[in-house]
Structures are given as structure tokens and as C-alpha cells.
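Summary of structural features
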Amino acid sequence: MASVISIVNQKGGVGKTTTTVNLSAYLGVKHKKVLLIDLDPQGNATSGVGVDKGNLENTVYDVMVNDTPISQAIVATSAKNVSICPTNINLAGAEVELVSAMSREQILKNAISEVSDKYDYIIIDCPPSLGILTINALTASDGVVVPIQGEYYALEGLTQLIDTINIVKKKLNPSLGIIGVVLTMYDNRTQLTRQVREEVEKFFGEKVFKTYIPRNVRLAEAPSHGQAISHYDPSSKGAKAYDMLAAELIKRTKKI
């Protein structure tokens, strides 16, 4: 059975999709079979692994709204051992369409159960909101990875995220917990970044991953080529960081 992990932070611009794509890629490099689920209507994870959003027969929208089996929406990616259940802008309407759906918080969980035994990890890229799509992801997940940028206001809004995780844990998914917090866009040369790390460690303690993701031009360039950093520039600082993060995640999920 796969470890199901949501990458979640309702704040945009924190490196959520970058973390989803590159963490998935390095799990694949380490011989893990990975299913990436793009639950963000922007579809950046889909294009980030080389899948054409305009040429998809089925997407996660069809899985969530039209009861299409998830196996019919999964396609291969440019990353080794990584498949994706892709998305496109149609998913933006799902929040409204699912309002009256029966057991609407469980739709993704039920869909994933059909393929869970075929993968080691299922990684879900959540939208930057705490609506029904993110609730579906949390309900389906064994745990959560929270990316936090190493900048001012890093902890802003996290109380709301923690509250949402606790509500889902209480009412829908008792086994849900935070696997780890990863600092992104990290610049160790600045005092501000070091202060942010101290604040985050004070707040989350041992949940903070030892690996942090540096600011890196090559990381920013890779999505425009439809490639994870493991393929685009494996010698870059960003690549080495995600390689280390994947190793750390594997250790933590073994404990779960």
C-alpha cells in the first residue's frame, strides 16, 4: 500500500508545486513507484512533468466529478518511475459541483484505493486554499508535508492550516498528521532567513526537515522545460537538496 502524502499550504508562492514535482522525481530516482496527483486547477505540476494540459483525455476533474476510475486518468511523465493523474482548468469548477455530492470529502480517498497497491508513494499537490479539494486530499492522506518559505510572514496563516488538519483528523481521518515542514527559498546568508528558521523550529520542533531548499535559478527554470530538476540539472544545489529531502522523507514514512 502506498504512503499517501499531501503537500499543502493555503498560502501561494511558497514552493508547494516545486516541492511536489521534485520530491516525487527524487523518490522515483530512489526506485520508488510514485503517483503524483495534481489537485491544483492551475495545473503547474502537470506541465512541470512534461504533460500537455491541452491534450488530456481524462483528468482528476473526471475522477472527482464524473466518477471516472483514476486508472483511466493516469499518464506517464518525463520523470523516472513517476506517473501523474493530471489536471487542467476544468478542476476550478469542481469546488461548486461537489457541494451537493454524497460523501464529497471521501471522493479522492475512494478513487485512490483502486490503485494504492501499485505505488510506494502517492503525492498530492494541493491548491492554495482550504476548500473541498484540499479537504479531499487531507482525508485521503496518511500525512502532510508543509512547505514554508524562508521569508517574513512565513508563519502567517499557518494556524488556520493546523486547525483544518485537526478538524479533518477529528472528523474524517484519525490517522492524519504532519510528517514534516520544509523550508523553501532559503538563503542562509541573511539574518532574516535564519530568524525565520528559528521561529519555524520553535513552532514545529522536530517536525522541521533538516534539509532546506535553497533559492536556485535552475529550480525556477526547470518547469518551463517540462522537467523535474533531477533531469534538468541534477548537479544544481536545488537538485541536491531535493535528493536529500526525498531520503529524509523515506526515513520518516518508514516510521509511520
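Before going into details, it helps to say that this report is about the structure given with it. (Residues numbered from 1 in each chain as written. Predicted model: local features only at pLDDT ≥ 70, side-chain atom pairs only at ≥ 80, totals over all residues. Heavy atoms only, no water.)

**Digging into the pattern of salt bridges**
Two side chains with opposite charge may pair up if their charged atoms get near one another. The condition that has to hold: Between Lys or Arg on one side and Asp or Glu on the other, a salt bridge is scored when a side-chain nitrogen of the former is within 4 Å of a carboxyl oxygen of the latter. For helices the rule is a DSSP run of H or I covering at least 4 residues; for strands it is a run of E covering at least 2, with both sets numbered from the N terminus onward. Three labels apply to residues, based on accessible area from a 1.4 Å probe with only protein chains included: buried if under 20% of the type maximum, exposed if over 50%, partly exposed otherwise in between.
Summed over the entire model, instances satisfying the criterion amount to nine salt bridges. D40 serves as the salt-bridge partner of K16, at 3.6 Å between the closest nitrogen and oxygen. Of this pair, K16 sits in helix 1 (residues 16–29) while D40 sits in the loop between strand 2 (34–38) and helix 2 (44–48); the two residues are 24 residues apart in sequence, bridging distant segments of the chain. With respect to class, K16 is no different from D40; both count as buried. The residue D243 makes a salt bridge to K30 at a minimum N-O spacing of 2.5 Å. Within this pair, whereas D243 is found in helix 11 (residues 237–255), its partner K30 is found in the loop between helix 1 and strand 2, the two being separated by 213 residues in sequence. When salt bridges that share partners are traced, they join K16, D40 and D125 into one network.

**Remarks on unusual backbone geometry**
The phi dihedral of D67 is positive, around 60°, even though this residue is not glycine. Residue position: D67 is located in the loop between helix 3 (60–65) and strand 3 (75–76). The class of D67 is exposed, set by a relative accessible area of 67%. Even without being glycine, M185 reaches a positive phi, approximately 50°. Secondary-structure assignment places M185 in the loop between strand 7 (178–184) and helix 8 (191–204).

**Observations regarding the packing of aromatic side chains**
We count it as follows: Centre distance within 6.5 Å is the pairing criterion for rings of Phe, Tyr and Trp, where only the six-membered ring of Trp is used; planes under 30 degrees apart are then read as stacked, over 60 as edge-to-face, and the remainder as tilted. Lysine and arginine charges are scored as sitting over a ring when NZ or CZ, respectively, is within 6 Å of the ring centre and within 35 degrees of the ring normal.
Going through the model one piece at a time under the given rule, you end up with two aromatic pairs. The interplanar angle of 35° and the centroid separation of 4.0 Å between the aromatic rings of Y186 and Y212 together place this pair among those described as tilted. With Y186 in the loop between strand 7 and helix 8 and Y212 in the loop between helix 8 and helix 9 (217–221), the pair connects residues that are 26 residues apart, well separated along the chain. Ring centres of F203 and F204 lie 4.8 Å apart, and the angle between their planes is 70°; on these two criteria the pair is classed as edge-to-face. Of note, K33 hangs over the ring of Y119, and the distance from its end group to the ring centre comes to 5.7 Å. Directly above the aromatic system of F209 lies the positively charged group of R252, at a separation of 4.2 Å from the ring centroid.

**Section: the environment of S113**
Residue placement: S113 occurs in helix 5 (residues 107–113). On a C-alpha basis, the gap between S113 and A140 in space is 9.0 Å, while along the polypeptide they are 27 residues apart.

**Comments concerning helix 7 (residues 158–171)**
Rules: Take the number of residues in a helix, subtract one, and multiply by 1.5 Å to get its expected span. It is the directions from the helix axis to the C-beta atoms whose arc is reported. Between two residues, a contact is recorded if the distance between any of their heavy atoms is within 4.5 Å.
Compared with an ideal rise of 1.5 Å per residue, which puts 14 residues at 20 Å, helix 7 spans 20 Å between its outermost C-alpha atoms and is within 8% of the ideal. Buried residues of helix 7: L158, L161, I162, T164, I165 and V168, and no others. Summarising the axial view, the buried residues of helix 7 lie within an arc of 160°, below the 170-degree limit, and thus occupy one face. Counted as exposed and oriented over 90 degrees from the buried face of helix 7: I167, K170 and K171. Residues of helix 7 that are buried sit in contact with helix 6 (132–140), strand 6 (143–149), strand 7 and helix 8.

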